[in-house]
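Residues per chain, in single letters:
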Amino acid sequence: MAPSFSALTMLAAGIAVPVLAALNAALGRHISAPAAASVALFTIALFTTVIAILVTRQTGALTQLATAPKGLLFAGVLIAFYVLSITYIAPTFGVGNAVFFVLLGQLISAAAIDHFALFGAQHTPLTLTRAAGIACMALGVFLTQKA
């Protein structure tokens, strides 16, 4: 896969995160039940993912889930935590504020995962330049809170 395609795909995913947060928070407010809004989101996500599995002909991979290390399935808990927390918090904290803090957390976590090559990630040391970039993001989050 070409690096530019990968970069553009991930840029689109990044653009989608605040939209997801705003839409699900609005749905949660509309039905007065943020957890139920999250159930709707995950149901639609499940059907979308099943279609992707069928289109890409990866159905055989589902049988290998039984042999996967169980700790890897914790990712499902983490995505549920993200969706539930953003759906509950964004309406009162603001979508922008919520996403800014999520982004800061992602940068810190990603830097640690890369630095220590956790979960089979490619090893990318935390250099002074990378740390300065994370510090700039932290400053940006701070400044957005003061605005």
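Everything here concerns the structure above.
Notes on the structure follow. (Residues numbered from 1 in each chain as written. Predicted model: local features only at pLDDT ≥ 70, side-chain atom pairs only at ≥ 80, totals over all residues. Heavy atoms only, no water.)

A closer look at the overall build of the protein
Link 1 in the chain: Looking only at helices and strands, the protein features 5 helices and 0 strands.
Link 2 in the chain: Burial statistics for the protein: of 147 residues in total, 14% are counted as buried.
Link 3 in the chain: At a minimum sequence separation of 6, the contacts of the protein that also span at least 24 residues come to 55%.
Link 4 in the chain: Of the roughly 10300 Å² that the protein leaves accessible, carbon and sulfur atoms contribute 77%. (Helix = DSSP H or I, 4+ residues; strand = E, 2+ residues; numbered from the N terminus. Buried < 20%, exposed > 50% of the residue type's maximum accessible area, 1.4 Å probe, protein only. Contact = heavy atoms within 4.5 Å. Areas by Shrake-Rupley, 256 points an atom, 1.4 Å probe, with all protein chains shown as cover.)

So, the packing of aromatic side chains
Link 1 in the chain: In this structure the tally under the stated criterion is 1 aromatic pair.
Link 2 in the chain: Their ring planes at 40 degrees and their centres at 5.9 Å tell us that Phe93 and Phe101 sit as a pair that is tilted.
Link 3 in the chain: The exposure class of Phe93 is partly exposed, given its relative accessible area of 34%.
Link 4 in the chain: Taking relative accessible area as the criterion, Phe101 reaches 39% and is therefore assigned partly exposed. (Phe/Tyr/Trp six-rings, centres within 6.5 Å; stacked < 30°, edge-to-face > 60°.)

Some remarks on the pattern of salt bridges
Two side chains of opposite charge can pair, provided their charged atoms sit close to one another.
Link 1 in the chain: Applying the stated criterion to the full structure yields 1 salt bridge.
Link 2 in the chain: Between Asp114 and Arg130 there is a salt bridge whose closest N-O contact spans 3.6 Å. Remark: Arg130 occurs in helix H5 (residues 128–146) and Asp114 occurs in helix H4 (residues 95–116); sequence separation between them is 16 residues. (Salt bridge = Lys/Arg side-chain N within 4 Å of Asp/Glu carboxyl O.)

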